[in-house]
Amino acid sequence: MKKVCMPTLAISLKSMITKLIPTITLAAAIVVSPIAMAQSFVPSAQQIEQFKNLPRAQQEQLAKQMGFDLSMVQGGAQAKNSSPSSQQADFVTREVNTKEVANELAKQSNVESVSARLEPFGYDIFKNRQEAAQPAANTPVPSNYVIGPGDSIKLQLFGKESGNFELVVNNEGNIDIPELGPLNVAGISFNELKQLVKEKYDQQKIGVTPFVSMGQLRTIQIFLVGEVYQPGPLMINSLSTITTALINSGGVNDIGSLRNIELKRNGNTVATFDLYDLIVFGDTSNDMRLEQGDVLFVPTAQNIVSVDGEVRRPAIYEMKKGETVSDLLELVGGFLPKADRSSMQLVHNSLTEGLTIKTIASGDESAMAQGLKNGDFLRVPTATQEFKNAIIVNGAINVPSIIAQNGVKLDQLITKKTILSNSDLDYALVARKGRFDTKTTIIQFKPKDVLQGKFNLELQAFDEVLVFNKVGQNIARGAASEVASGDIKSSDDALRSGSASFLQEIETERFTTKAFDKSATTDYSRKALLAPLIARLKNEATTDAPVQLAEVIGQVKFPGIYPIAQQFVLSDLIAAAGGVNESAHLESAELSRVTMIDGVSGIKHQKLSLLKELSLPKEKQLAVESKDVFSIVRIPQWYENNVIELKGEVVFPGRYQVSQGETLSSVIERAGGLTSKASIRGAVFSREELKQKERENIGKTVEDLRQQIANNNLSNSQFSKTIDYENATAVLDELSEVEPLGRMVIDLRRIIDGDSSADILIKNGDVLVIPNITPAVSVIGEVFVSTTNMFDPALSVNDYIDLAGGARDYADTSKIYIVKANGSIQIPEASFWFSSGQENVLEPGDTIVVPRDVTNYDNISLWQGITQIIYQSAVALAAIGSL
């Protein structure tokens, strides 16, 4: 015990020194040097016991003067007062595997496989704890708390004497009250302790008022037996309850009861604790505080019931004897909003009836009062999530996607405020199919008629209103595209695999709460919006009721498949397709209709005039039937935008629109003819289709070259010709960079002179380049320096090659050829190389090509073709680049 304050320090010090060291003279101890004292002075147990009665300040002063560590005295005091009851509380770490617990408990269920997937209720309280559950340090000690050895009692004195003392109950149950002697307090309540101390001071001290409070509480030992995680003794805080003891011990095991935990004291069961009271209702009234020697007994769980389905806490529960279905539903927290309370299924097993299943309703009092037995299984199914009074609105309209049917009409939906600027005012649908109808009725109308008051319709539950865009792409994606673009003459095939799943998903979710998840559909095309409806109509088709779909192809805004509405005629189908295009041939259309003759299906084709049909009153127009296909053709030669571009030495170069069958000479004449500087022989005429062919040929050539290089690399045959890889790679790089020109060799001189046999018909994208070629001859290829020299009729081919530095080592001089200014190829004879005596060999604008020697390569023709492509392209590009 510690004494903090004394009335008179000198008198008190003298008194306490006399008591503290009766066998040692204090003065002698003080005069010893601190070092000597530290080496020789060791307080005895009796001195320590007396020393602890001094105030803290005096303890520190004497310890300093006598040269010993104060902690030695404090430690000795603690050691003396320690007892088994003051040990630290135990704590058992446990990682609860709820899956294992569920599997064990599910063995008692009548539907084991389903129950094993549920969570065992209540076991989370033991799960993954890292430290012991302890009463809070500032928890008030109850007045009925029983004092025992190890408890620390704080005593404060007021009045004539004042001081603070901490008194520890020793193993005999006594506390040593300063100047009053020992007092036995074991077994009395905290309230009785306060009264007893007050009476003792009243009897022996006048003018002193004591105040008693609890200090450090003792630990006690209890025992856990039965179906617990770790049976045996457990040290706990003396304020601990049944709950804290269970938690600190790891809880009950896989088959232990959470609802019939027995507290035994002195051989008698003093309480039965239900852990569900705490977990479910927060009731701790029966969570009794434990005492030294108490025993917690956990029996096996006897009544296991499983609950699955639409409840707040589906799990495996333990029920008490006599508890009912109503009690179970209270434990699970009640129903979820989507629960079907009228069709709950209870699986029960009895000795007389065996395994049975009963359908019970929450409103049936007798069913709710039915008692539950071990193994019972309760399933709460999901109620139908389909609205009974809903209308779906989809497409280019600004209204909620699902609304209530309460007498609403079309004119309440389609207004100037809800319709969008992109809405098609000539085509909309109402798809009507009651909840128990087998067929869908299609009602087609024009939104503009609703706006103008010419048409109205009262909507019914399960109606679907579709409003379409009037512009935009007519596309659908995924399964919707497969359905919307399928073959209407093969309904079964169109609903295979993905299409069938698509229909099932759409149909099961249309009028449910999932309709609220749908995103805005104001940008949907006809195909996207109609795909579910088309799939449904295909699915409804039978031998007695053919599929109510027709198709229109050709010159309409939105070709595709469309539902056949009531009294459906040709003008309705045209409106569904967005109307005809400007290019439509109104005098020539074709109807293809499925016929059945002698049990054999066929197709009958019929020519008709759209202009005539659409001019008739609606009731006299051609009626559209199942699987009809209308083909609306294009006006022949309808405004084909054919353009040719003239560049270079043309009087009026530029882009010219050409008519069908127009020739090159005609276009040149329209452009004012050629200028005086035009090099007619050097004209370069290119065409897009030829450019594409060249591109394909170059790609194929590159691939063939790569393959040849790879084959040569893999082959070790002595008969394989060696490839110079550096040279081959250079050729491959050059070829990869070649830009196709699509050049076609023409004789422009003959064309201008009016030779119709040389003239050509113009195609869209043609380009004619008339260069102004300098009278020169170029030399390219395997020469030392590619050069261009002024044309000299006295020079031969070999002379020009010499002017370029001569042929290189890789040159094939036997394959030299000339690319004429007009793009044609001329191979001179050997006598022409060294003499200029022959005419028409070289002309201004010609290019002499000295190719590579490829005789050492496999597939010589391939390599020769490669080099020719490269050089011809270079010549043509040079001609165009001179502009």
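Everything below is about the structure printed above this text.
The notes below deal with the structure included here.

Reading the values: rules and limits
Residues numbered from 1 in each chain as written. Predicted model: local features only at pLDDT ≥ 70, side-chain atom pairs only at ≥ 80, totals over all residues. Heavy atoms only, no water. Helix = DSSP H or I, 4+ residues; strand = E, 2+ residues; numbered from the N terminus. Contact = heavy atoms within 4.5 Å. Buried < 20%, exposed > 50% of the residue type's maximum accessible area, 1.4 Å probe, protein only. Pairing = 2+ DSSP bridges. Expected span 1.5 Å × (residues − 1). Bend = angle between axes of the 7 residues up to and from the residue. Core = buried A, V, L, I, M, F, W, Y, C linked by side-chain atoms within 4.5 Å. Phe/Tyr/Trp six-rings, centres within 6.5 Å; stacked < 30°, edge-to-face > 60°. Lys NZ or Arg CZ within 6 Å of the ring centre and 35° of its normal.

**Overview of the overall build of the chain**
Within the chain, the secondary structure is distributed over 28 helices and 36 strands. Considering only contacts in the chain between residues 6 or more positions apart, those separated by 24 or more positions represent 67%.

**Observations concerning the environment of Val 168**
Within the secondary structure, Val 168 sits in strand β3 (residues 163-168). Val 168 gets classed as partly exposed once you look at its relative accessible area, which sits at 29%. Through-space distance from the C-alpha of Val 168 to that of Gly 148 is 9.7 Å; in sequence the pair is 20 residues apart.

**Observations regarding the pairing of strand β2 (residues 152-159)**
Taken together, the six bridges between β2 and β3 define a ladder with antiparallel strand orientation. Following the sheet pairing, Leu 155 is matched in β3 by Phe 165. Counting the residues that bridge the hairpin from β2 to β3 gives three residues. One ladder, built from seven bridges, connects β2 with strand β6 (residues 208-214); its direction is antiparallel. Bridging from a neighbouring strand, Ile 153 pairs with Met 214 of β6.

**Considerations on helix α19 (residues 526-540)**
With 15 residues, α19 ought to run about 21 Å at 1.5 Å a step, and its terminal C-alpha atoms sit 21 Å apart, in line with that. The principal kink in α19, of about 35°, is found at Pro 532. Within α19, 12 of the 15 residues are buried, which leaves it mostly tucked inside the rest of the structure. Looking at α19, one finds that the buried residues are Arg 526, Leu 529, Leu 530, Ala 531, Pro 532, Leu 533, Ile 534, Ala 535, Arg 536, Leu 537, Lys 538 and Glu 540.

**Side note on the nonpolar core**
Membership of the largest hydrophobic core comes to 54 residues, with the highest contact counts inside it found for Phe 126, Ile 222, Leu 290, Tyr 317, Leu 328 and Leu 378. Once you skip the residues sitting within four places of it in the chain, Tyr 317 turns out to touch Phe 121, Tyr 276, Asn 303, Ile 304, Val 305, Val 307, Leu 328, Leu 331 and Val 332.

**Looking at the sheet that holds strand β27 (residues 642-648)**
On the basis of which strands lie adjacent, the open sheet formed by five strands has the order β28-β27-β31-β29-β30 and mixed pairing. Of all strands in the sheet, those bounded by a partner on one side alone are β28 (654-658) and β30 (743-744). Sheet analysis places β27 next to strand β31 (residues 766-770), joined by five bridges and oriented parallel. Bridging from a neighbouring strand, Glu 645 pairs with Val 767 of β31.

**Remarks on the packing of aromatic side chains**
On inspection of all chains with the given rule, the structure shows seven aromatic pairs. Measuring from centroid to centroid gives 6.2 Å for Tyr 427 and Tyr 562, while their planes differ by 80°, and the two rings are edge-to-face. One end of the pair, Tyr 427, is in strand β19 (residues 423-432); the other, Tyr 562, is in strand β23 (residues 560-563), with 135 residues separating them in the sequence. Judged on exposure class, the residue Tyr 427 and its partner Tyr 562 are both buried. Members of the aromatic cluster, each reached through a chain of ring pairs, are Phe 121, Tyr 276 and Tyr 317. The lysine or arginine in question, Lys 194, covers the ring of Phe 190, its NZ or CZ lying 4.7 Å from the ring centre.

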